[in-house]
Amino acid sequence: MLIDSNAYIGQWPFRQLNYNTCDTLLGRMNEFGVDLSVISNLNGVFYKNTQSANKELYEEINSDRRFRDRFIPFAVINPIYNGWKHDLETSIDDFGMKGIRLYPKYHRYELTNPACIEAVKMARDRGLPVAFSLRMVDSRPSSWLDIKDEWALRDILPIVNEVPDAKYLILNVANSTQLGEEERKLFRKTNLVMDTSGRNIVNLGRLLETLGTDKFAFGTHSPILDYLTGLLRIESLKDSEANEITKGLLRSDNIKSILGI
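Computed from a predicted structure; not experimentally measured.

A.B. asks: Tell me about the packing of helix α9 (residues 181-189) against helix α10 (residues 204-211), and please be specific about residues and values.
C.D. replies: It is the contact of α9 with α10, at a shortest axis distance of 10 Å, that shows an interaxial angle of 85°. In terms of axis orientation, α9 runs roughly perpendicular to α10. Residues Arg184, Phe187 and Arg188 of α9 lie in contact with α10, whose contacting residues are Glu209, Thr210 and Leu211.

As structure tokens, this is what we get:
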């Protein structure tokens, strides 16, 4: 089984995207043998009211039975926007969202903001994971209007320290993966996975050794990144780096555990 832990529909305001609808993404999944995809709506990164994007995603998924069977929706929540708690509850209870995605850089708050901590705790209390993207797009060729400040892996630690018993998806790990000994211990004992789409998941075999085979899952960051690199990083692992059991964890088992499916 193959599950993409990091995909989107929707638009990015600074570049043209392909395969960014449920229909075209599903075609991509069928072409490359992906069974399920965790998706959210890119529009929620930029809409003032993120709930409009969540409703768009809900309506698109429910427009076709094929989509309901193949997509696992996550809601984009902005915890400093009025009514965000109602948005979170509606997204989960009425729209059937299976997790939430937070974008502190784009929505302009710190990870230690009390509202951010509360949102993570609300998801935790419902047994749902919280996803953070360390980078959305490469800042070098991006529009001058886009975010330039990118996160390294250790930059996510403040929220993990605040809510260590939550479930996390850490996505598009494009910058430094260096961690101190205590930081590695925190990562290893936290219920989290990192997807394989990020630029700095280049030495996956070594990362499996240092952080654990349960800490990684196939992800594409599609349609912003290409659809193959995240999978190639798994399939190109040498036998000495990962046996078939470990590759099974990366292809689907680790993300299934986080999602509770």
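A.B. asks: If you had to explain the pairing of strand β8 (residues 191-195) to someone new, which residues and values would you point to?
C.D. replies: Among the 5 residues in β8, 4 count as buried, and that is most of the element. Strand direction decides the pairing type here: strand β7 (residues 167-171) and β8, joined by 4 bridges, are parallel. Residue Ile170 lies in a different strand from β8, and its bridge partner there is Met194. In this fold, β7 hands off to α9, which returns the chain to β8; that crossover is right-handed. Bridge analysis of β8 against strand β9 (residues 216-217) gives 2 bridges, and the strand direction is parallel. Note on β9: the bridge partner recorded for Met194 is Phe216. A crossover connection joins β8 to the parallel β9 through α10; in handedness this β-α-β unit is right-handed.

A.B. asks: Now, about the pattern of salt bridges: what can you tell me, with residues and values included?
C.D. replies: By the definition in use, this model includes 16 salt bridges. Here Asp23 makes a salt bridge to Arg66, at a shortest N to O gap of 3.1 Å. Of this pair, Asp23 sits in helix α1 (residues 22-32) while Arg66 sits in helix α4 (residues 65-70), placing them 43 residues apart in sequence. Lys215 is the partner of Asp214 in a salt bridge, and the nearest nitrogen-oxygen pair spans 3.8 Å. Relative accessible area serves as the criterion here: at 38%, Asp214 is assigned to the partly exposed category. In the salt-bridge network here, residues are joined through shared partners; they are Arg135, Asp138, Arg140 and Glu150.

A.B. asks: Got a sec to walk through a nonpolar patch on the surface? Specific residues and values, please.
C.D. replies: On the surface, a nonpolar cluster with roughly 470 Å² of combined accessible area is contributed by Phe14, Phe46, Trp144 and Leu145. Residue classification places Trp144 among the exposed positions, given a relative accessible area of 73%.

A.B. asks: Hey, could you go over the side chain of Asp146 for me, with residue numbers and the actual values?
C.D. replies: Relative to the helices and strands, Asp146 resides in the loop between β6 (129-133) and α8 (157-162). The charged side chain of Asp146 is buried without a salt bridge, its nearest counter-charge being Arg15 at 6.8 Å. Aside from chain neighbours lying at most four places away, what touches Asp146 is Trp12, Phe14, Tyr106 and Val137.

A.B. asks: I'd like to hear about the sheet that holds strand β4 (residues 75-76), residue by residue, with values.
C.D. replies: The 6 strands are arranged β4-β5-β6-β7-β8-β9 in an open sheet whose pairing can be described as parallel. Whereas interior strands pair on both sides, the edge strands pair on one side only; in this sheet they are β4 and β9.

A.B. asks: Can you explain the nonpolar core? Please cite residues and give values.
C.D. replies: One finds Ile156, Ile159 and Tyr168 to be the most contacted residues of the largest nonpolar core, which totals 64 residues. Element by element, the count of residues in this core is highest for helix α7 (residues 114-125), at 7 residues. Ignoring sequence-local partners within four residues, the contact set of Tyr168 consists of Val120, Val130, Phe132, Ile159, Val160, Val163, Thr190, Asn191, Leu192, Val193 and Ile258.

A.B. asks: Break down the side chain of Arg135 for me, citing the residues and quoting the values.
C.D. replies: Within the secondary structure, Arg135 is located in the loop between β6 and α8. Residue classification places Arg135 among the buried residues on the basis of a relative accessible area of 10%. When neighbours within four sequence positions are excluded, Arg135 is seen to be in contact with Glu150, Leu171, Asn172, Ala174, Arg199 and His221.

A.B. asks: How would you explain the sheet that holds strand β1 (residues 3-9) if you had to name every residue and give the values?
C.D. replies: The strand order across the open sheet built from 3 strands is β1-β2-β3, with neighbouring strands paired in parallel fashion. Looking at which strands have only one partner, the edges of the open sheet turn out to be β1 and β3 (71-73). Along the sheet, successive strands turn relative to each other by an average axial angle of 35°, direction set aside. The strands touched by helix α3 (residues 50-61) within the sheet are β1, β2 (36-41) and β3, with β2 carrying the most contacts at an inclination of about 140°.

About the criteria used
- Residues numbered from 1 in each chain as written.
- Predicted model: local features only at pLDDT ≥ 70, side-chain atom pairs only at ≥ 80, totals over all residues.
- Heavy atoms only, no water.
- Axes fitted to C-alpha atoms, helices over the stretch in contact; angles between N-to-C directions.
- Helix = DSSP H or I, 4+ residues; strand = E, 2+ residues; numbered from the N terminus.
- Parallel < 35°, antiparallel > 145°, perpendicular 65-115°, else oblique.
- Contact = heavy atoms within 4.5 Å.
- Buried < 20%, exposed > 50% of the residue type's maximum accessible area, 1.4 Å probe, protein only.
- Pairing = 2+ DSSP bridges.
- Right-handed = clockwise from strand over helix to strand, strands pointing away.
- Salt bridge = Lys/Arg side-chain N within 4 Å of Asp/Glu carboxyl O.
- Patch = residues over 30% accessible without salt bridge, like charges linked within 9 Å, V, L, I, M, F, W, Y side chains within 5 Å.
- Areas by Shrake-Rupley, 256 points an atom, 1.4 Å probe, with all protein chains shown as cover.
- Lys, Arg positive; Asp, Glu negative; His and termini not counted.
- Core = buried A, V, L, I, M, F, W, Y, C linked by side-chain atoms within 4.5 Å.

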